[in-house]
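Summary of structural features
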Amino acid sequence: MDIQIDGYNINYKITGEGDKYAVILQGWGTKMEYYDTVAAAINSKYKVVQFDLPGFGGSDEPREPWNLDAYSDFFCKFLKELGISETTLIGHSYGGRMIIKMASRSSLPFKIRNIVLIDSAGVIPVRTFKQKCSVRKYKILKKILDNKVVYTLFPEVVDEWKSRQGSADYRNASPIMKKCMVMAINEDLTDKLSLIKQDTLLIWGDKDTATPMRDARIMEEKIPNSGLVVLEGAGHFSYIEQPEKFRNVMRAYFGIGDGNGNN
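Residues numbered from 1 in each chain as written. Predicted model: local features only at pLDDT ≥ 70, side-chain atom pairs only at ≥ 80, totals over all residues. Heavy atoms only, no water.

Here's the deal with the overall build of the protein
- Helix and strand counts for the protein come out as 11 helices and eight strands.
- Counting only residues that meet the buried cut, the protein has 44% of its 263 residues in that class.
- In the protein, 72% of the contacts between residues at least 6 apart in sequence involve partners at least 24 apart.
- On the protein, roughly 13500 Å² of surface is accessible, and the fraction owed to carbon and sulfur atoms is 51%. (Helix = DSSP H or I, 4+ residues; strand = E, 2+ residues; numbered from the N terminus. Buried < 20%, exposed > 50% of the residue type's maximum accessible area, 1.4 Å probe, protein only. Contact = heavy atoms within 4.5 Å. Areas by Shrake-Rupley, 256 points an atom, 1.4 Å probe, with all protein chains shown as cover.)

Okay, here's the thing in structure tokens:
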């Protein structure tokens, strides 16, 4: 289904039963379909909303670069348009970043019942000396290669170098979405964690390299009412890599069946 918000066509769907809502906020560059198994874990008891953020999946791209606050403001309008005034929020990676930002605000136009953060982003990683040197080298080279004279003389060399920089998500993004991504990853939300008052479940893959276990431990320590479940052998997409364990954890947390996949 599509819905229009501020002139943007937004792709979304709602599955499940019950009188309570849960909304899934996706990771960077993913499609809402990636989270069908997350929804399936709880939609026997909840109405679960899945959607594509602007610039993701089947939704329109922002007309200008959006920072985390702009995406969060959009989400508030999205819920208002759907008539949802209270909901559980489930966020993976970038979606978790959005949830942290919103939950730490002094006021929201909707009520957050509780929170699930799956391999969430939001904590800026500590860089090693080698990584700091690499960043410095990158900035120096970028400044040189961005020079118009240099590009005129060596266009193929410059284009080839630029094509190899950044993560796959960054390289595959449009110019506007690249700027959105840079603004997001440069914003450290560590100081916002202690402001989250809702009960929060943290689910993490112990092999996650994008948002490592260090991030999970920091969130567990700083979010007052939080608990951490580690899915062994799973990486950044822990809910996909350990689907049965993830389903059991979710159903136990939400009080569905016996938590072991049985109704």
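This is not the end of the story, as more comes after the structure.
Points about the sheet that holds strand β6 (residues 111-118)
- Ordered in space as β1-β2-β4-β3-β5-β6-β7-β8, the eight strands form an open sheet in which the pairing is mixed. Both outer strands of the open sheet, β1 (2-5) and β8 (226-231), are each paired with one neighbouring strand and no more. Across the sheet, the mean angle separating the axes of adjacent strands is 25° when strand polarity is ignored.
- Note that β1 and strand β2 (residues 8-16) share four bridges and pair antiparallel. Bridged to I3 within β2 is I10.
- Running over the sheet, helix α3 (residues 94-103) touches β3 (21-25), β5 (86-92) and β6 and is turned about 140° from β5. (Pairing = 2+ DSSP bridges. Axes fitted to C-alpha atoms, helices over the stretch in contact; angles between N-to-C directions.)

Quick look at the packing of helix α2 (residues 68-82) against α3
- Interhelical geometry of α2 versus α3 gives an angle of 80° and a closest axis separation of 10 Å. Accordingly, the angle class assigned to the pair α2 and α3 is roughly perpendicular. Across the interface between the two elements, L68, D69, Y71, S72 and F75 from α2 touch Y94, R97, M98, K101 and M102 from α3.
- When its residues are assigned to classes, the contact of α2 with α3 shows six nonpolar, one polar and three charged. (Parallel < 35°, antiparallel > 145°, perpendicular 65-115°, else oblique. Nonpolar A, V, L, I, M, F, W, Y, C, P; charged D, E, K, R; others polar.)

Let's talk about the packing of aromatic side chains
- What the rule picks out here adds up to 19 aromatic pairs.
- Pairing F56 with Y71 gives two aromatic rings, centres 6.3 Å apart and planes at 65°, and the pair type is edge-to-face. With F56 in the loop between β4 (47-51) and α2 and Y71 in helix α2, this pair connects stretches of sequence that are 15 residues apart. Summarising the burial analysis for this pair, F56 and Y71 share the class buried. (Phe/Tyr/Trp six-rings, centres within 6.5 Å; stacked < 30°, edge-to-face > 60°.)

As for helix α9 (residues 213-222)
- Along α9, the positions that sit buried rather than exposed are M213, D215, A216, I218 and M219.
- Where α9 is buried, its residues touch α3, β6, β7 (200-205) and β8.

Quick look at the pattern of salt bridges
- Scanning all chains against the criterion turns up nine salt bridges.
- Note that R105 and D69 form a salt bridge whose closest N and O atoms lie 3.2 Å from each other. Here R105 is found in the loop between α3 and β6, whereas its partner D69 is found in helix α2, with 36 residues between them in sequence.
- Between R113 and E86 there is a salt bridge whose closest N-O contact spans 3.5 Å. Placement of R113 in strand β6 and of E86 in strand β5 is noted, with a sequence separation of 27 residues between them. (Salt bridge = Lys/Arg side-chain N within 4 Å of Asp/Glu carboxyl O.)

Concerning the pairing of β1
- The side-chain alternation of β1 yields one buried face, formed by I3 and I5, and one unburied face, formed by D2 and Q4.
- Adjacent in sequence and paired antiparallel, β1 and β2 are bridged by two residues, among which D6 carries a positive phi angle near 55°.

Concerning unusual backbone geometry
- At D6, a residue that is not glycine, the phi angle is positive and equals roughly 55°.
- Along the chain, D6 falls in the loop between β1 and β2.

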